[in-house]
Amino acid sequence: MIYSIVTSMRKSTCCIVLLMAVAHLSMAQSSALTVEKIMRDPKWIGTSPSNLQWSFDGRQLYFNWNPEKAQTDSLYFITRDNLVPQKASYQQRQNLLRSRDITYNSTRSSYVYDKDGDIFLADVKTGKERRITQTMDVESDPLFSFNDTKVVYTLNQNLYAWDIASGLVTQLTNFQRGNPPPKDARKDNLNTQEKWLKEDQLKTFDVLRSRKQKRDNTDSMASAIPKRKTLRTIYLEDKSLFGTTVSPDGRFITYRLYKASQGKTTIVPNYVTESGFTEDIPGRTKVGNVQGTQELFVFDTEKDSLLPVKLNGLAGIRDLPEYLHDYPALYQKKQKDSANRAVDFLNPLWSEKGTHVMLDLRAQDNKDRWICLLNPATGKISLLDRQHDSAWIGGPGIGGGFGGANAGWIDENTCWFESEATGYAHLYSLNVITGVKKALTTGQFEVQQAELSKDKKFFFISTNEVHPGEQQFYRLPITGGKPERITGMTGANLVSLSPDEKQVAYLYSYSNKPWELYLQENKPGAKPQQITQLAASDEFKAYAWKDPQVLTITARDGAPVYARLYKPSTPVASRPAVIFVHGAGYLQNAHKWWSSYFREYMFNNMLADKGYTVLDIDYRGSAGYGRNWRTGIYRFMGGKDLTDQVDAAKYLVDSLGVDAKHIGLYGGSYGGFITLMALFTTPDVFAAGAALRPVTDWAQYNHGYTSNILNEPFTDSLAYRRSSPLYYANGLKGHLLICHGIVDTNVNFQDAVKLSQRLIELRKDNWDIIGYPMEDHGFVEPSSWTDEYKRIFKLFETNLK
């Protein structure tokens, strides 16, 4: 009996252990990563909130979210009294569209907006709305002017002013497309023969003389009648009008004219179409194409005068770029050309009372930025600050001009802006009367966003001062000094300030935690409240996503290279490693927040599970590390950005025990380009690589991006020659996989085709190319993602293990 009980207990225990083991094995299998799982529609992960928007009164916070995993995101909102997310109604959506574009008067007691092609005025306190226009035409872009007594809006490219007190509408501009009529169109320009015939006709026929006398009398009477006030006609000719601004007192109107250039564009064939025929997708021009030109004018409505803004005498306007010294003949030729460099004008910024107007000018070669003061009465400019870079002007808060830069007015005589004068993007104030400039922030970090408080006592700034891989939010006095930190969680905090500036809503994420929405008071030490919970799938939650170590690797020139490290769960005997190369060049990925490369992050997790050591570095040219790092690739892409990868490979061998013969790399776009340069120019370092949608010849890429870094092919051929993989293809030794979308309108499939022909001619046989007929530069189909990454994984499994 006792034996029977003991035996039974042993059997039961064995069954329980067996069941637990099976359950554990089943759970492990279900949580194991596969390419098929990773590359599915991202909804399998769960959807994070995005696109934070406050209502104009700050009572609601709206955001896009998709916890139910529907086909598209829905609009949700919370209120001050109810922090539980709710779906927005149709009417709320319409109100939100309106609140995005409202413009206040100087006292913030009223605001204007456009809706359905008409203009509306509203009172902030009462909420009462007044319709200003109701026409079949489209009126847009309303703002207050004439010292807040009128609302100025745009109709058919012209400006109109609606008087708030009387309701009278006045047309302010008369822009007309096309050319002005010839000055002598109404005159009788007769030659000798024609003049004699006319006089003879009048002498001969009484009726002709009589009718001419009547016409002359009528014209004489008409000229004696007081004429209606006319508005100067401004003919646009063959140019486009944009960027119109009005001074706060309504007297001055600035506008820009743009003349587009003609250039040959690429054609992208689309083979898989609904029609069954190959269809051409219009493409872009290539680097070096002649750029369009801009002009800035001031229209003085009081004097009815039109003034072009001239740049003669502007410091450095005729300077030649330093790289031309490498081409003496070209340098001497350009020295003889006395013309100003081409300049783009960005939106003028008027001070609140209109005492001053600030201009942001950019040389088209992007090596100079001038911040100037414009005298609208004379059209003359005076220099406030010149930012020169022998490479190119850029950095956070700087690269996009006033339209996308951090700049504005602190008071009527003091402006603020960002500059990389110290090597890092920092805030500066400048008194336009005395010319005194003051640094408001300093240090080896970047001010990435800045906003002046409504009472103009503080700046609200986001910086990476704590760590290059973090983004934190601060409050800074307008006089400078030590900022007060508002956010506290390690990672990234993307802040949206409430209209009354008393609260901050922000998206927060960490390396292995996707974005969530938080809300807190806008003061140091305030406790954040989490609003959303990622509606993650059980599969996503079942896997223990790695928190990659963020470390630094010392490059050969002594520079610290930041990197993310994924250590293998169980290293395999061959000790393989993979380096992931992020795209875009100027982008950051060795950070402490959820990566925009989330598929690659998951793939790197999978590689680590399979025994690979994975490294992801912020090579030279990456964002987040100041001017010298940003411009470290100037005139030589595939230079320091590649040696950083090689130095990272050496670190893998020397510090982590990786086998030097079993290192591969992969990346897309710029990452694909680096992969090619690595396999072609350092073939003994990397055994295999996957180049995804890579640039193979920079002379084939677009102007805006490429000319900053490599200048133009016909003026700096050396830079293009040493930066383009096409010229180094003979060096290929390892195994190369090329994957490219056939309808890629960014990096055209032509790049991959050209490289293929070069490899064929070189009789290389250790490469493969895969074209994806339905994909542009950024893949969208899960089937394409899956196919691509299965091939990448097979490449590594075959050649690195």
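These numbers were taken from a predicted model, which means no experiment stands behind them.

Calculation rules
Residues numbered from 1 in each chain as written. Predicted model: local features only at pLDDT ≥ 70, side-chain atom pairs only at ≥ 80, totals over all residues. Heavy atoms only, no water. Phe/Tyr/Trp six-rings, centres within 6.5 Å; stacked < 30°, edge-to-face > 60°. Helix = DSSP H or I, 4+ residues; strand = E, 2+ residues; numbered from the N terminus. Buried < 20%, exposed > 50% of the residue type's maximum accessible area, 1.4 Å probe, protein only. Pairing = 2+ DSSP bridges. Axes fitted to C-alpha atoms, helices over the stretch in contact; angles between N-to-C directions. Parallel < 35°, antiparallel > 145°, perpendicular 65-115°, else oblique. Left-handed = near helix turned anticlockwise from the far one by under 90°. Contact = heavy atoms within 4.5 Å. Nonpolar A, V, L, I, M, F, W, Y, C, P; charged D, E, K, R; others polar. Core = buried A, V, L, I, M, F, W, Y, C linked by side-chain atoms within 4.5 Å. Polar contact = N/O pair within 3.5 Å; in protein donor to acceptor, adjacent residues only side chain to side chain. pLDDT = per-residue confidence, 0-100.

Enquirer: Please explain the packing of aromatic side chains as it appears in this structure.
Expert: Centre-to-centre distance and the angle between the planes together describe a pair of aromatic rings. Taken as a whole, this structure holds 42 aromatic pairs when the rule is applied. Ring geometry for Phe63 and Tyr76: centres 6.3 Å apart, planes at 20 degrees, overall stacked. Here Phe63, found in strand β2 (residues 60–65), pairs with Tyr76, found in strand β3 (residues 74–79); they are 13 residues apart in sequence, far enough to count as distant. Here the two residues Phe63 and Tyr76 agree in accessibility, since each one is buried. Among the aromatic residues, those joined into a cluster by ring pairs are Phe580, Tyr597, Phe603, Tyr666, Tyr772, Phe779, Trp785, Tyr789 and Phe796.

Enquirer: Is there a simple way to think about the sheet that holds strand β38 (residues 549–554) in this case?
Expert: Pairing between the strands of a sheet comes from backbone hydrogen bonds, and it takes one of two forms, parallel or antiparallel. Strand order in the open sheet formed by eight strands is β38-β39-β41-β40-β42-β43-β44-β45, with mixed pairing between adjacent strands. Of all the strands in the sheet, just β38 and β45 (767–772) have a single pairing partner and so form its edges. On average, each strand axis in the sheet is tilted by 20 degrees relative to the strand beside it, whichever way the strands run. Judged from the four bridges that link them, strand β40 (residues 577–581) and strand β41 (residues 613–617) form a sheet pairing that is parallel. What sits directly across from Ile579, in β41, is Leu615.

Enquirer: Please explain the packing of helix α10 (residues 640–656) against helix α11 (residues 670–681) as it appears in this structure.
Expert: Axis angle and axis distance: for two packed helices, these are the angle between their axes and the distance between the axes, and together they describe the pair. The interhelical angle for the contact between α10 and α11, taken along N-to-C directions, is 70 degrees, at an axis separation of 10 Å. Considering their axes alone, α10 and α11 lie roughly perpendicular with respect to each other. The two elements α10 and α11 cross, and the hand of that crossing is right-handed. For the pair α10 and α11, the contacting residues are Asp641, Leu642 and Gln645 in the first and Tyr670, Phe673, Ile674, Met677, Ala678 and Thr681 in the second. Along the lines of polarity and charge, the residues of the contact of α10 with α11 split into six nonpolar, two polar and one charged.

Enquirer: I would appreciate a short explanation of the pairing of strand β1 (residues 50–54) in the present structure.
Expert: Each regular strand shows side chains that alternate between the opposite faces of the sheet. Sheet topology places β1 next to β2; three bridges connect them, and they run antiparallel. The residue bridging Gln53 from the neighbouring strand is Tyr62, located in β2. If you look at the hairpin formed by β1 and β2, you'll find five residues sitting between the two strands, and Gly58 has a positive phi there, around 75 degrees.

Enquirer: Would you mind showing me how to read the nonpolar core here?
Expert: In summary, soluble globular proteins display a tendency toward joint burial of nonpolar side chains. The biggest cluster of nonpolar side chains holds 66 residues, and the ones touching the most others in it are Ile579, Leu615, Phe686, Trp698 and Leu736. When residues of this core are assigned to their parent elements, the largest contribution, eight residues, is made by α11. Leave out the neighbours within four places in its chain, and Leu615 touches Ile553, Ala563, Arg564, Leu565, Val578, Ile579, Phe580, Ala648, Tyr651 and Leu652. In this structure, Ala536, Trp545, Ile770 and Leu795 belong to the second largest nonpolar core, which totals 58 residues.

Enquirer: Sorry if this is basic, but what is going on with helix α12 (residues 703–710) here?
Expert: Side chains three or four residues apart in an α-helix point the same way, a direct result of the helix having 3.6 residues per turn. Counting buried positions along α12 gives six out of eight residues, so the element sits mostly inside the fold. Residues His703, Thr706, Ser707, Asn708, Ile709 and Leu710 constitute the buried set of α12. Those residues of α12 hidden inside the fold are in contact with α13 (717–723). For α12, the N-terminal capping position is held by Asn702, with its side-chain oxygen 3.1 Å away from the main-chain nitrogen of Tyr705.

Enquirer: Even after reading the chapter, I still don't get the confidence of the model for the chain, so can you show me in this structure?
Expert: It should be kept in mind that the predicted coordinates are not to be read in detail where pLDDT is low. On average, residues of the chain carry a pLDDT of 92, and 94% of them reach 70 or more. Long-range and interchain partners of residues 1–7, a stretch whose pLDDT sits below 50, account for zero contacts in this model, where long-range means more than four residues apart. Ignoring residues within four places in sequence, the model shows residues 13–27, a span with pLDDT below 50, making zero contacts including any to other chains.

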